[in-house]
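# Per-entry structural report
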Amino acid sequence: MELLEPQPLIFEKSRPGARAARFPAFADGGADLDAAVPAQFRRREAAGLPELSEIEVVRHFTRLSQLNFSVDTHFYPLGSCTMKYNPKVNDRMAALPGFAAMHPYQPAATAQGALELLDDLEHLLCEICGMDRFSLQPAAGAHGEFTGLLVIRAHLKSKGEGHRNKVLVPDSAHGTNPSSARQAGFDVVTVPSLPSGQVDVAALERLAGPDTAALMLTNPNTLGVFESRIGDMAAIIHRAGGLLYYDGANMNALLGLARPGDMGFDVVHLNLHKSFSTPHGGGGPGAGPVGVKAFLDPYLPVPRLRRVEGALAWDHDRPQSVGRVRSFAGNFGILVRAYTYIRAHGAEGMERNSRAAIINANYLKAKVRARYREAAPGPCMHEFVVVPDEAIARGIKVADIAKRLLDFGFHSPTLSWPIRNCLMIEPTETESRETLDRFADALTRIADEAASDPEKVRSAPHRLPVRRMDEVAAARNLDLRA
Ligand SMILES: *Cc1c(COP(=O)(O)O)cnc(C)c1O
């Protein structure tokens, strides 16, 4: 592995007088400029910027960009986040001038191609999820959850059931679920899980009642376990008069294999920036479309696409709608990428991908379980959760293991969620067996080191340009300007 030496900061590289482009002097001595920027608005001292040649600047920033971990450079088994390969053809399609050069205020009559794509994408997502309608507006998973819950609330109110104020959320749920429920004005009731990792259905039955608005569920759940009693859970919630919300942020085990609509879910959101291979990380952009069964269609965000005499147009006249949740048509470039992914793979390709994601996760799990305890024994779906008992007993934290993995060229798994001191590992379908073997070897070696040389793990990373941060000092003496 390449050893990266610490490089000087760009300010340390500065040499007085070094320049990139040189502009010719003003022919008139700068008289126009004097008129354009009055003296009192001008800088009195030079800005103190580093002085460098163009190639030094290019190399500095190119090198910085390569210090980062990314899906395009490293294996990224960040459980629940589905950091799969993002095919470059998706970007090529989104960059087609006919899409990329559009203006959001362009009249619909001149944007029929783009609107056809949105309309087609909506229908494809309906077919994939077993839903009747989709809104492509929400810009992220959490945004989709919030929108979906607003839809549920609007529906309950219109039925005179506005008193239903409880949303049931299993203890293994993604943190966005309870916060979206609170944001949408509901109270959160936690549903416990069984030792198997599945929802305690008997507890769910006790908790569901006349105040239940909805159950929010991820299936397979965040332990990578399929909730096989989903039929019973749907019956319990519907009998109690509530609705079923599917957190489909991670559909990587289900695409082409099973549909939330068929499991009894009334509302779903998808993360196109996970399962549908559009890039994510670093805060965006994303897309979290929301799908509903037909009876909830009137409440979806405005505007909706409608075909009038063969042409698509935006319909704003929907009095029961929850309103707009995002500007324009959502993150259009991300929608084009997801559309490309769906069209490029087709139903069969997506099913193959799901099967490969499940096999990869089970293969990796089988390779590491000798040294890392499985949180939920038995076969998993797209991801699995393990606890490094031996290392923890020696005073090593899961974050230490994550930092040691960086030395071997791997991004960290998700840590300490959904249970304490765990690693949540999602290999995705796009990784080769060789990569999975190398990752399993690294985890095994770290388990060995935890026994033979624990300080090596505790003080990792050793081979990166930035070493261990002082997390306590960083929290106590926060300096956001450094
Ligand atoms: C990622 C994720 C979310 C949230 O999605 P964002 O786009 O980050 O808001 C919600 N639920 C689950 C299960 C997730 O994995």
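Residues numbered from 1 in each chain as written. Predicted model: local features only at pLDDT ≥ 70, side-chain atom pairs only at ≥ 80, totals over all residues. Heavy atoms only, no water.

## A closer look at the packing of aromatic side chains
The full count for this structure, using the stated rule, is seven aromatic pairs. Ring geometry for Phe 276 versus Tyr 341: centroids 6.3 Å apart, planes at 85°, classification edge-to-face. Of this pair, Phe 276 sits in the loop between strand S6 (267–270) and strand S7 (290–292) while Tyr 341 sits in helix H12 (residues 332–368), and the two are 65 residues apart along the sequence. Given a relative accessible area of 0%, Phe 276 falls into the buried group. Classification of Tyr 341 by relative accessible area gives buried; the value is 2%. (Phe/Tyr/Trp six-rings, centres within 6.5 Å; stacked < 30°, edge-to-face > 60°. Helix = DSSP H or I, 4+ residues; strand = E, 2+ residues; numbered from the N terminus. Buried < 20%, exposed > 50% of the residue type's maximum accessible area, 1.4 Å probe, protein only.)

## Topic: the packing of helix H6 (residues 112–129) against H12
Viewed as axis vectors pointing N to C, H6 and H12 meet at an angle of 45°, and their least axial separation amounts to 10 Å. With respect to H12, the axis of H6 lies oblique. Handedness of the crossing formed by H6 with H12: left-handed. Two secondary-structure elements touch here, H6 through Ala 114, Leu 117, Leu 118, Asp 120, Leu 121, Leu 124, Leu 125 and Ile 128 and H12 through Phe 332, Leu 335, Val 336, Tyr 339, Ile 342, Arg 343 and Met 350. A per-class count over the contact of H6 with H12 returns 13 nonpolar, no polar and two charged. (Axes fitted to C-alpha atoms, helices over the stretch in contact; angles between N-to-C directions. Parallel < 35°, antiparallel > 145°, perpendicular 65-115°, else oblique. Left-handed = near helix turned anticlockwise from the far one by under 90°. Contact = heavy atoms within 4.5 Å. Nonpolar A, V, L, I, M, F, W, Y, C, P; charged D, E, K, R; others polar.)

## Some words on the pairing of strand S11 (residues 384–387)
Side-chain positions along a regular strand alternate between the two faces of the sheet. Alternating residues of S11 divide into Phe 384 and Val 386 and Val 385 and Val 387, and every residue in both groups is buried. Examined bridge by bridge, strand S10 (residues 373–374) and S11 share two bridges and lie antiparallel to one another. Residue Glu 374 lies in a different strand from S11, and its bridge partner there is Val 386. Bridging between S11 and strand S13 (residues 423–425) involves three bridges; their strand directions are antiparallel. Considered in S13, the bridge of Val 385 is made with Met 424. (Pairing = 2+ DSSP bridges.)

## Section: the site of the ligand
Near the ligand the following residues occur: Ser 80, Ala 140, Gly 141, Ala 142, Glu 145, His 174, Thr 176, Asp 247, Ala 249, Asn 271, His 273 and Lys 274. Here an oxygen atom of the ligand sits 2.6 Å away from a polar atom, N or O, in the side chain of Ser 80. Between the ligand and Lys 274 there is a distance of 2.7 Å, counted from an oxygen atom to a side-chain nitrogen or oxygen. About the coverage of the ligand: the protein hides 86% of its 380 Å² of free accessible area. Considering every element that reaches the shell around the ligand, the biggest residue donor is helix H7 (residues 141–158), with three residues. Looking at the shell around the ligand, its residues break down into three nonpolar, six polar and three charged. (Near = heavy atom within 4 Å. Polar contact = N/O pair within 3.5 Å; in protein donor to acceptor, adjacent residues only side chain to side chain. Areas by Shrake-Rupley, 256 points an atom, 1.4 Å probe, with all protein chains shown as cover.)

## A few points about the domain arrangement of the protein
In terms of domains, the protein is made up of domain 1 (1–64), domain 2 (88–345) and domain 3 (356–475). The gap between the C-alpha centroids of domain 2 and domain 3 is 31 Å. Note on domain 2 versus domain 3: buried area summed over both sides is about 1,300 Å², and carbon and sulfur give 60% of it. Of all residues in domain 2, the largest losses of buried area upon contact with domain 3 belong to Thr 222, Leu 223 and Asn 252, amounting jointly to 40% of the total for that side. Linking domain 2 with domain 3 are zero salt bridges, by the criterion used here. Applying the counting criterion to the domain 2 and domain 3 interface returns five residue pairs in polar contact (both at pLDDT 80 or more). Looking at side-chain class alone, the side of domain 2 that touches domain 3 contains 10 nonpolar, eight polar and no charged residues. (Domains from an automatic or database assignment. Buried area = accessible area lost by both parts, 1.4 Å probe. Salt bridge = Lys/Arg side-chain N within 4 Å of Asp/Glu carboxyl O.)

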